[in-house]
Amino acid sequence: MRYKSWFALFVVFALVFAACGDSTDETTPDDGGTDVTAVPGTVTTIDIWIAFADGPRLTYTEERAAEFNSAHSDYNVAVTAFDSYNTVFEQAQLALEGGNPPEIIHFFEAATQEALDTVDADGNPIFKSVTEAIGGRTEILGEPVILDDVVSAARNYYTVDGEFYSMPWNTSSAIMFVNQDILDAAGVAEIPKTWADVDAACEKIMAIADAPKGCITWPNHSWFVEQTLGQEGELLANNDNGRDGRATEVYLDSDGMVAYFEWWKSLDDLGYYIYTGVQRDWDGTNTAFQAQEVGMLIYSSSDTTVITETGTENGFNVVAAPMPYNGDVPYEGNLIGGATLWLRNGLDTVTEDGALAFMNFFSNPANAAEWHKITGYIPITEAAVQLLKDEGFYDESPNSLVASDQLAAAADTPAARGALLGNFVAIRDVITAAAEDMLVNDIDPKQRLTEANAEAQQLLDEYNSLFGG
């Protein structure tokens, strides 16, 4: 399973890190402190490894690095791209073995607990808190520090024990895209807000003369399950989702989880939900929407721009809306998704300050606004949001505002913040496998979730036996 390779990597990561020196030629780090300086006149290289290899997102990153290098001639930020978060981590492990790890690594939110727990053979953390590294400064190398301006949803998720351990960057939420032409043809007057609304809309859509193949789809990915738990105010794990102490118990068989799976299965049984047959199938579900095989798509807001533009190219009007929720219980809030930038521990002062300066430059208001326009990831700071509003961007691109508004409306509660727990990547796979059994093998949701809970609990117990103290 994919988890096992991840978990093993973290263990290996911890074991090999102590044997690896700093990557910079001009300095020698001490015992993790930051009091050694580079030789004057040298160019300090900052390697940043990201999990985006596609054209627009990689190009954006390379262009920002070039701008930073032009403004700071004593630094060279070098971007290396990989096709996934897992690949980044695998390659980081190999780099550690080779003694040349990057200074900044891009990890997704589910890896937060594992990144926090990973230490070297001497017990030193692999990564350094960016709050600690910034040390209360308001600018670094002339670049304003943006950490205090991060939007609340990302701040709430990534703040652990009062600190940002990593720098927020690409942040999304799960929202819904509708083919407005299909909804109009079916006489659906309002975009569905609740599960019951989706049921009613699907009945109308599937009744039209030239009905699409199905009504709605979304990837079979645990992230959407977690979003639903947040909406319902349900916890995925104890100790307030791991926010008030290490999570030691999972709740995959909770009432909220069962309710969601039963609703999902009912859509599938009625032929309203289209399952592509592939787990975590982002491309397949998006293709079904663009081919007008369904009228509604629940998806990541990270692709708002391309989904909207591609729909127009394909001859239909795409409208974005919040993710439908369970109307039978109070709505609490949707979660974030995405990833952050982690700062490697043990860097010398010059290298560390260069890395921090770049991370803050990377998400300054102008850059964060541009990143949002290109992708659909939310603008990560309040200043960027205001800049976009002042430019009138949302008047022209209202779909782009949906995710930010949805996240801003979320309550600051453990359920709506989302879970922090060990082996989260593996537990996600357990949830996804349970959903597939329900959809493909027609297994009763409650029965399958009871089994899944036992599997996930074992994974969490194994993790905590190594890292739980």
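Look up: the structure comes first, before these words.
Our next topic: the side chain of Asp-47. Mapped onto the fold, Asp-47 is located in strand β1 (residues 44–50). No salt bridge is formed by the buried Asp-47. Its closest oppositely charged neighbour is Arg-344, at 7.5 Å. In contact with Asp-47, not counting residues within four places along its chain, are Ala-78, Pro-102, Glu-103 and Ile-104.

Volume-wise, the largest pocket comes out at about 1100 Å³. In terms of lining, the largest pocket is formed by 35 residues, of which the most central are Phe-52, Arg-57, Tyr-85, Trp-282 and Tyr-377. Broken down by secondary-structure element, the contributors of at least two residues to the lining of the largest pocket are α2 (55–71), α3 (85–98), α9 (222–232), α12 (282–290), β12 (296–300), β14 (337–344) and α20 (424–440). Ranked by the residues each element gives to the lining of the largest pocket, the list is headed by α20, at four residues. When its residues are assigned to classes, the lining of the largest pocket shows 13 nonpolar, twelve polar and ten charged. As a volume, the second largest pocket reaches approximately 410 Å³. Gln-113, Leu-116, Val-160, Asp-161 and Tyr-165 are, among the 25 residues lining the second largest pocket, the residues nearest its centre. Across the lining of the second largest pocket, the residue classes tally to nine nonpolar, eight polar and eight charged.

Our focus in this paragraph is the packing of aromatic side chains. How two aromatic rings sit relative to each other is given by the distance of their centres and the angle of their planes. The tally for this structure, following the rule as stated, stands at 36 aromatic pairs. Between Tyr-60 and Trp-371, the aromatic rings sit 5.0 Å apart at their centres with planes inclined by 40°, giving tilted as the arrangement. In this pair, Tyr-60 is assigned in helix α2 and Trp-371 in helix α15 (residues 365–374), connecting sequence segments 311 residues apart. Neither residue differs from the other here; Tyr-60 and Trp-371 are each classed as buried. Consider the rings of Phe-289 and Phe-316, whose centres lie 5.6 Å apart with planes at 85°: the pair is edge-to-face. Of this pair, Phe-289 sits in helix α12 while Phe-316 sits in the loop between α13 (304–313) and β13 (318–322), and the two are 27 residues apart along the sequence. Grouping aromatic residues by their ring pairs yields a cluster made of Phe-52, Tyr-60, Phe-68, Trp-169, Phe-358, Phe-361, Phe-362, Trp-371 and Tyr-377. Here Arg-243 stacks its cationic end above the ring of Tyr-157, 4.7 Å away from the centre of that ring. One cation-aromatic arrangement involves Arg-428 over Phe-424; the distance from NZ or CZ to the ring centre is 5.1 Å.

Tallied over the full model, the rule gives two cavities of 30 Å³ or more. Roughly 120 Å³ of internal volume is contained in the largest cavity. Lining the largest cavity are 16 residues, with Glu-226, Leu-335, Gly-418, Ala-419 and Phe-424 positioned closest to its centre. Within the residue set of the lining of the largest cavity, elements represented by two or more residues are α9 and α20. Here the lining of the largest cavity gets four residues from one element, more than from any other, and that element is α9. Each residue belonging to the lining of the largest cavity can be placed in one class, and the counts come to nine nonpolar, three polar and four charged. Taken as a whole, the second largest cavity encloses approximately 40 Å³ of empty space. As for the second largest cavity, its lining consists of Tyr-60, Trp-169, Phe-362, Ser-363, Asn-367, Ala-368, Trp-371, Ile-378, Pro-379 and Ile-380.

Here we come to the pattern of salt bridges. A complete count under the given rule lists 17 salt bridges for this structure. Residue Arg-137 pairs with Asp-353 through a salt bridge whose shortest N-O separation is 3.2 Å. Remark: Asp-353 occurs in helix α14 (residues 349–362) and Arg-137 occurs in the loop between α5 (130–134) and β5 (139–140); sequence separation between them is 216 residues. Between Arg-417 and Asp-412 there is a salt bridge, with its nearest N and O atoms 2.6 Å apart. On the accessibility criterion, Arg-417 (23% relative accessible area) is partly exposed. Looking at Asp-412, the relative accessible area reads 47%, which means it is partly exposed.

Moving on, we come to the state of the cysteines. This model, assessed by the stated rule, comprises one disulfide. Between Cys-202 and Cys-215 runs a disulfide, and the two sulfur atoms are separated by 2.1 Å. The chirality of the disulfide connecting Cys-202 with Cys-215 is left-handed, given an S-S dihedral of about -80°. One end of the pair, Cys-202, is in helix α8 (residues 195–205); the other, Cys-215, is in the loop between α8 and β11 (216–217), with 13 residues separating them in the sequence. Each member of the pair, Cys-202 as well as Cys-215, is classed as buried.

Turning our attention to α8. Along an α-helix, residues three or four apart share an orientation, since each turn contains 3.6 residues. Burial in α8 covers these residues: Trp-195, Val-198, Ala-201, Cys-202 and Ile-205. Projection of α8 onto a plane perpendicular to its axis shows the buried side chains occupying an angular sector of 120°, all on one side. Across α8 from its buried face, at more than 90 degrees, point the exposed residues Ala-196 and Glu-203. Buried residues belonging to α8 abut α7 (180–186), β11, α9, α11 (255–269) and β12.

Cut-offs and rules
- Residues numbered from 1 in each chain as written.
- Predicted model: local features only at pLDDT ≥ 70, side-chain atom pairs only at ≥ 80, totals over all residues.
- Heavy atoms only, no water.
- Helix = DSSP H or I, 4+ residues; strand = E, 2+ residues; numbered from the N terminus.
- Buried < 20%, exposed > 50% of the residue type's maximum accessible area, 1.4 Å probe, protein only.
- Lys, Arg positive; Asp, Glu negative; His and termini not counted.
- Salt bridge = Lys/Arg side-chain N within 4 Å of Asp/Glu carboxyl O.
- Contact = heavy atoms within 4.5 Å.
- 1 Å grid on protein atoms, 1.4 Å probe; cavity = no way out; pocket = protein on both sides within 12 Å on 5 of 7 lines; lining within 4 Å.
- Points joined across faces, edges and corners; volume = space filled by probe spheres on them.
- Nonpolar A, V, L, I, M, F, W, Y, C, P; charged D, E, K, R; others polar.
- Phe/Tyr/Trp six-rings, centres within 6.5 Å; stacked < 30°, edge-to-face > 60°.
- Lys NZ or Arg CZ within 6 Å of the ring centre and 35° of its normal.
- Disulfide = S-S within 2.5 Å.
- Arc of directions from axis to C-beta.

Fair warning: the whole summary comes from geometry, so function is off the table for now.
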